[in-house]
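Chain and residue survey
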Amino acid sequence: MTEREADAILVERVQRGDKQAFDLLVRKYQRKILRLLSRLIRDPSEVEDVAQEAFIKAYRALPGFRGESAFYTWLYRIAVNTAKNHLAASKRRPSGGPSYENEDGETFDETANLSDIQTPEAVMASREIASTVNAAIEALPAELRTAIMLREIEGLSYEEIAQSMGCPIGTVRSRIFRAREAIAARLRPLLDTADDRRW
Amino acid sequence: MSAVQSRQFSQTNPNGDLTEQLSAFLDGEADAPEWLDTPHGKEHWETYHLIGDVLRTADLALPVSARFTAGLEAALRDEPTVLAPRPRPVARFMRRYAMPGVSLMVLVVAVSWLAQPLINPLGPAHTVQASAPAQDVYAANAPRREPEFADYYDVHRHVAGMSGATQVDYAPTRD
């Protein structure tokens, strides 16, 4: 089962009337959408409002989603259109260049520096999260670090990681889980985010 | 993992097996655990995704404010539950079997109609009716046996011997 198929399971649950499943999709993609919108909308106070509007629009439109594209691609388009409508309504121009049409949201226009449009508190919190994750990764035993890097960075399946590391798939599953838990234990104190540390 | 690390780990995660299933589901390698929809499950779900996002790009090391989370949850609560229309079984049957069947039948009829002059250049008048029994066809086409020529037929058969033509000639008739 690929990540797209895992998303499809959650989408089907939403289409059967399960709102909780949509909450899981929100929690999965909210950072990507917030980052995307922060490139388009200069005012940090408006980014979260537009993101919320985009997610609600997606929820309403989900019965018509047939899975021809990946869920995130579909969500991305809704977010971009919502931002365009917002900017048109407020008679302002988007802050980014034409490169914001990139669908995966990963290779954005690098001239738009994210830290310029975040609040100082949010910038501090971002740096703290990144440094904590990096420190936690460095502190992991080698087999756990290798397993989670092969999964998250290289995108290998458990079977491919098992072949690469010469161990059973069950061991790979356990190592990735333990790595995540070890990092999460360090992150959790930082994630009780106060309102003044938002965008 | 050392014994000390393992002990620390088990202390921080009393639901290890269930959380491990969630971790595998996140990677598309297991089914969703039942407790995924609980606050505890959602917290793990979100944190694990954050870890993956940050490992891929530091740009996604973003704090999501409690205001945003609470606001979106409230907005979703106010939304009427959406339901995708399910395809009706009859419609599904029609789409899967009946329509292709009808299309195939139309195609066969059309091809037969167009190819008829090639198959039977003499025209439809010379086409043997497939629905008629073979015996009836023979009987209809066979010359009538007149009683006064019976002797002639017997002599003729004796001289000519048995052949396909004579077999047809002597096929039994209804009269």
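All of these numbers come straight from a predicted model, not from anything done at the bench. By convention here, each chain's residues receive numbers from 1 onward along its written sequence. Chain letters start at A and ligand numbers start at 1, both assigned in the order the entries are written. Per-residue local features of the predicted model are confined to residues with pLDDT of at least 70, and side-chain atom pairs are confined, for both listing and counting, to 80 or more; whole-chain, interface and lining totals are unaffected and use all residues.

Some points on the overall build of chain A
Convention followed: By definition, any uninterrupted DSSP run of H or I lasting at least four residues is a helix, any uninterrupted run of E lasting at least two residues is a strand, and each is numbered from the N terminus. Here the C-beta atoms are placed from the backbone, and a residue counts as buried if at least 20 other C-beta atoms lie within 10 Å of its own, exposed if 12 or fewer do, and partly exposed otherwise. Think of it this way: build a C-beta for each residue from its backbone, and any pair within 7 Å is a contact.
Along its length, chain A carries eight helices and zero strands. When its helices and strands are written in sequence order, chain A yields α-α-α-α-α-α-α-α. Taken across its 199 residues, chain A has 40% of its residues classed as buried. Looking at chain A alone, contacts between residues at least 24 apart form 65% of all its contacts between residues at least 6 apart.

What about the overall build of chain B?
What chain B contains, in helices and strands, is eight helices and zero strands. N-terminal to C-terminal, the α/β element order of chain B is α-α-α-α-α-α-α-α. Each of the 175 residues in chain B was classed as buried or not, and the buried ones make up 19%.

Some words on the interface of chain A and chain B
The test is simple: Throughout, the ten residues Ala, Val, Leu, Ile, Met, Phe, Trp, Tyr, Cys and Pro are labelled nonpolar, Asp, Glu, Lys and Arg are labelled charged, and all others, Gly among them, are labelled polar.
Each partner contributes residues to the interface: chain A has 63 residues there, and chain B has 50 residues. Those elements that provide at least two residues to the side of chain A that touches chain B are α1 (3-15), α2 (19-40), α3 (44-61), α5 (120-139), α6 (142-152) and α8 (169-187) of chain A. Residue contributions to the side of chain A that touches chain B peak at 13 residues, all from α2(A). Classifying every residue of the side of chain A that touches chain B gives 32 nonpolar, nine polar and 22 charged.

Some points on helix α3 (residues 39-56) of chain B
What counts here: An expected span of 1.5 Å times one less than the residue number is assigned to each helix.
The end-to-end C-alpha separation of α3(B) is 26 Å, in line with the 26 Å expected for 18 residues at 1.5 Å each. Those residues of α3(B) that fall on the buried side of the exposure criterion are Gly41(B), His44(B), Trp45(B), Glu46(B), Tyr48(B), His49(B), Leu50(B), Ile51(B), Gly52(B), Asp53(B), Val54(B) and Leu55(B).

So, the nonpolar core
All names here are of chain A. What counts here: A set of buried residues drawn from Ala, Val, Leu, Ile, Met, Phe, Trp, Tyr and Cys, joined through C-beta atoms within 7 Å, is what defines a nonpolar core.
Core analysis: the largest hydrophobic core is formed by 69 residues, its most contacted members being Ile 33, Leu 37, Leu 75 and Ala 79. For this core, the element with the most residues is α2, which contributes 11 residues. Apart from residues lying up to four places away in sequence, Leu 37 is in contact with Val 47, Val 50, Ala 51, Ala 79 and Ala 83.

Description of the packing of helix α7 (residues 158-165) of chain A against α8(A)
Residue and element names in this part refer to chain A. Going by this rule: Note on definitions: angles span 0 to 180 degrees between N-to-C directions of axes, and those axes are lines fitted to C-alpha atoms, for helices only across the stretch in contact. Should an angle fall under 35 degrees it is taken as roughly parallel, and over 145 as roughly antiparallel, whereas 65 to 115 is taken as roughly perpendicular and any remaining angle as oblique.
With their axes 8 Å apart at the nearest point, α7 and α8 run at an angle of 100° to one another. Between α7 and α8, the angle is such that the two are roughly perpendicular. Residues Tyr 158, Glu 159, Ile 161, Ala 162 and Met 165 of α7 lie in contact with α8, whose contacting residues are Ile 169, Val 172 and Arg 173. Class assignment for the residues of the contact of α7 with α8 results in six nonpolar, no polar and two charged.

A closer look at the confidence of the model for chain A
Residues and elements named next belong to chain A. For clarity, the threshold we go by: A residue's pLDDT is the predictor's confidence in that residue, given on a scale from 0 to 100.
Taken residue by residue, chain A gives an average pLDDT of 85. The fraction at 70 or more is 82%. By mean pLDDT, α1 is the weakest element of chain A at 89, and α6 is the strongest at 97. For the stretch residues 105-113, pLDDT sits under 50, and the model shows 17 contacts to residues farther than four places along the chain or on other chains. Here residues 194-199 is modelled with pLDDT under 50, and outside its nearest four sequence neighbours on either side it reaches 24 contacts, counting other chains as well.

Points about the packing of α6(A) against α8(A)
All names here are of chain A. Running from amino to carboxyl end, α6 crosses α8 at an angle of 95°, the nearest separation of the two axes being 8 Å. By the angle class used here, α6 and α8 are roughly perpendicular. Two secondary-structure elements touch here, α6 through Glu 143, Leu 144, Arg 145, Ala 147, Ile 148 and Arg 151 and α8 through Val 172, Arg 175, Ile 176, Arg 178, Ala 179 and Arg 180. When grouped by side-chain class, the residues that make up the contact of α6 with α8 number six nonpolar, no polar and six charged.

Overview of the confidence of the model for chain B
Caution applies to low-pLDDT regions: their predicted coordinates should not be interpreted in detail. Residue and element names in this part refer to chain B. Per-chain confidence: chain B averages 73 in pLDDT, with 61% of residues scoring 70 or above. When mean pLDDT is taken per element in chain B, α3 scores highest with 93 and helix α1 (residues 3-12) scores lowest with 42. For residues 1-12, every residue scores under 50 in pLDDT, and the model assigns this stretch 11 contacts once sequence neighbours within four places are set aside. As scored by the predictor, the complex reaches a pTM of 0.66 and an ipTM of 0.84.

Considerations on the environment of His49(B)
Examined against the element boundaries, His49(B) turns out to sit in helix α3. Residue His49(B) is classed as buried on the basis of its 20 C-beta neighbours within 10 Å. Here the alpha-carbon distance between His49(B) and Asp27(B), two residues 22 residues apart in the chain, equals 10.0 Å. The residues touching His49(B), leaving out its near neighbours within four places in the chain, are Arg27(A) and Lys28(A).

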